[in-house]
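The chain contents come next:
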Amino acid sequence: MSKHTCINNLILLTLITFLAACSSNTKQAFNIKSLAKSELDMVIDEHLTQTSSQAQTLLIKLYKRNPRELKKAPANTTVQIRIKQLFGSPRQIQFNELNDKYANSALIEAFNPNFKGDRVFAYMAGVAGILHTSYNFQDEFFMLDPINEQRVYNSARNLETASWLLNNSSSERGELYILSNSYSPAGVINLSYERLFGKIIASQDILANIIANRNNRTISKVLHGFASTTLLPL
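A brief report on the enclosed structure follows. (Residues numbered from 1 in each chain as written. Predicted model: local features only at pLDDT ≥ 70, side-chain atom pairs only at ≥ 80, totals over all residues. Heavy atoms only, no water.)

### Here we look at the overall build of the chain
At step 1: When its secondary structure is counted, the chain shows eight helices and two strands.
At step 2: What you see in the chain, going N to C, is helices and strands ordered as α-α-α-α-α-α-α-β-β-α.
At step 3: By the burial criterion, 42% of the 234 residues in the chain qualify as buried.
At step 4: Nonlocal contacts in the chain, meaning residues at least 24 apart in sequence, comprise 69% of its contacts between residues at least 6 apart.
At step 5: Carbon together with sulfur atoms contributes 57% to the accessible area of the chain, which is approximately 13400 Å² in total. (Helix = DSSP H or I, 4+ residues; strand = E, 2+ residues; numbered from the N terminus. Buried < 20%, exposed > 50% of the residue type's maximum accessible area, 1.4 Å probe, protein only. Contact = heavy atoms within 4.5 Å. Areas by Shrake-Rupley, 256 points an atom, 1.4 Å probe, with all protein chains shown as cover.)

### A few points about the packing of aromatic side chains
At step 1: Throughout the structure, instances matching the rule amount to five aromatic pairs.
At step 2: Aromatic side chains Y135 and F141 sit 6.5 Å apart centroid to centroid with 65° between the ring planes, which places their arrangement in the edge-to-face category.
At step 3: Judged by its relative accessible area of 2%, Y135 is buried.
At step 4: Looking at F141, the relative accessible area reads 0%, which means it is buried.
At step 5: An aromatic cluster is built from F111, Y123, Y177 and F197, whose rings are joined through pairwise contacts.
At step 6: K37 extends its terminal NZ or CZ atom over the ring of F142, reaching a point 4.1 Å from the ring centre. (Phe/Tyr/Trp six-rings, centres within 6.5 Å; stacked < 30°, edge-to-face > 60°. Lys NZ or Arg CZ within 6 Å of the ring centre and 35° of its normal.)

### As for the pattern of salt bridges
At step 1: Inspection of the entire model under this criterion finds eleven salt bridges.
At step 2: One salt bridge in this structure joins D118 and R82, with 3.2 Å as the shortest N-O distance. Of the two residues, D118 is situated in the loop between α5 (104-110) and α6 (119-134) and R82 in helix α4 (residues 79-87); the sequence distance between them amounts to 36 residues. For the pair shown, D118 and R82 are each scored as buried. (Salt bridge = Lys/Arg side-chain N within 4 Å of Asp/Glu carboxyl O.)

### Quick word on a nonpolar patch on the surface
At step 1: A cluster of nonpolar side chains, contributed by Y183, I189 and L191, occupies part of the molecular surface with about 320 Å² of accessible area.
At step 2: Within the element layout of this structure, Y183 appears in strand β1 (residues 182-183).
At step 3: According to the relative accessible area criterion, Y183 is exposed, its value standing at 64%. (Patch = residues over 30% accessible without salt bridge, like charges linked within 9 Å, V, L, I, M, F, W, Y side chains within 5 Å.)

### Focus on unusual backbone geometry
At step 1: Looking along the chain, the bond that leaves S89 and enters P90 is cis, with omega of 0°.
At step 2: Along the chain, P90 turns up in the loop between α4 and α5.
At step 3: Positioned with a positive phi, D100 is a non-glycine residue whose angle comes to about 65°.
At step 4: Its place among the elements puts D100 in the loop between α4 and α5.
At step 5: You can call D100 partly exposed: its relative accessible area is 40%.

### Re the packing of helix α2 (residues 39-65) against α6
At step 1: Where α2 meets α6, the closest approach of the two axes is 11 Å, and the angle between their N-to-C directions is 170°. In terms of orientation, α2 lies roughly antiparallel with respect to α6. Here T51, A55, L58, L59, L62 and Y63 of α2 come into contact with α6, specifically with V120, F121, Y123, M124 and L131.
At step 2: Split by residue class, the contact of α2 with α6 holds ten nonpolar, one polar and no charged. (Axes fitted to C-alpha atoms, helices over the stretch in contact; angles between N-to-C directions. Parallel < 35°, antiparallel > 145°, perpendicular 65-115°, else oblique. Nonpolar A, V, L, I, M, F, W, Y, C, P; charged D, E, K, R; others polar.)

### A look at the environment of D118
At step 1: D118 sits in the buried class, given a relative accessible area of 2%.
At step 2: Each C-alpha atom, one on D118 and one on K72, is 5.2 Å from the other, the two residues being 46 residues apart in sequence.
At step 3: With residues up to four places along the chain from it excluded, the contact list for D118 reads Y63, E69, L70, K72, A73 and R82.
At step 4: Reaching out from D118, the side chain makes a polar contact with the side chain of R82 at a distance of 3.2 Å. (Polar contact = N/O pair within 3.5 Å; in protein donor to acceptor, adjacent residues only side chain to side chain.)

Remember, this is a structural readout, not a statement about activity or role.
Put into structure tokens, the structure is as follows:
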């Protein structure tokens, strides 16, 4: 056997061993897509994954608290179908039952006194849409993909508004359009919805600062209290 043949066989054996190791240990498996990602891309992906998961949890909790709203949806619609509609890949951003409203406009529609549809769906199309818009309508980031820190910051402020609207928007009869935080007969407060919003908002603020620092840019911060109903542009 020639020296050249031996070297080729050694290279082939090494490659086979490497591939076998990758396939047998999925946790350590090499993902070739990582070669096209910067450290910032990986950070953005992680924030995107976390906020999406938290938003899905919020959707599930709201439907449990407001089962009447799901009954207003098209026939045979389930919570899982709603999750797929709002968080599936590729993302759907237009819905006939919301007159194609999404993000800010869907959020407003959820508290429209004349809206007869599924308010939880409209609300979550607002929340999920605000997040999705802040990430440039992308589900994953790679090198050279742009992302604007101001848009991410603005999304956090709009989610503060979304949280306030959820807790305070009511009909002329004084009934909340969508139920969330509550008090038990024993006086125990359930603030799990508010805590979820706090996590999502904090994640968006942290990411906005990371992007701004990496790009050496300044975020234009506005006075925007929790009681504000103003929605910032995205």
